[in-house]
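Each chain is listed here by its residues.
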Amino acid sequence: QVQLVESGGGLVQPGGSLRLSCAASGFTFSNYHMGWYRQAPGKERDLVAVIYSGGGTRYADSVKGRFTISRDSAKNTVLLQMSSLKPEDTAVYYCNARAYNWMTGYWGQGTQVTVSS
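Residues numbered from 1 in each chain as written. Predicted model: local features only at pLDDT ≥ 70, side-chain atom pairs only at ≥ 80, totals over all residues. Heavy atoms only, no water.

Peer 1: Please provide a residue-by-residue account of the pairing of strand β11 (residues 111-115), values included.
Peer 2: Of the two faces of β11, the one holding T111, V113 and V115 is buried and the one holding Q112 and T114 is not buried anywhere. Where strand β2 (residues 10-12) lies against β11, 3 bridges are found, and the strand directions are parallel. Across the sheet, the residue bridging to L11 is T114, located in β11. Bridge count between strand β9 (residues 91-99) and β11: 3 bridges; the pairing is antiparallel. Pairing of V92 across the sheet is with Q112, part of β11. (Buried < 20%, exposed > 50% of the residue type's maximum accessible area, 1.4 Å probe, protein only. Helix = DSSP H or I, 4+ residues; strand = E, 2+ residues; numbered from the N terminus. Pairing = 2+ DSSP bridges.)

Quick look at the structure:
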């Protein structure tokens, strides 16, 4: 079965860094765009970053210059390196996979990131 398992969330001080990981299985990783979304309490789930199957990337304006998305094809893993974290980055972060032809998609269970003093 398809699985997306996030890890790496936790509590960090403003200005600190975290790295989120998403381990994928049950589908052909190289044929999927991989993304990170986040949802804060009372807000919609929004795109944070995406790395396309061809290697290109796209970021939300709010995280551009602070976050970096990458993928390790050998390990079927997508990473989100988060730096200069702000309290407004606090949210549950979700891993997402979307087939390159946009026909199928999957979600992980989410991991909590809290930025607080």
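Continuing now.
Peer 1: An account of the state of the cysteines is needed here, citing residue identities and associated values.
Peer 2: Under the counting rule described, the total for this entry stands at 1 disulfide. Two residues share a disulfide in this structure: C22 and C95, whose sulfurs sit 2.1 Å from each other. Because the torsion about its S-S bond is -85°, the bridge between C22 and C95 counts as left-handed. Here C22, found in strand β3 (residues 18-25), pairs with C95, found in strand β9; they are 73 residues apart in sequence, far enough to count as distant. Residue classification places C22 among the buried positions, given a relative accessible area of 0%. (Disulfide = S-S within 2.5 Å.)

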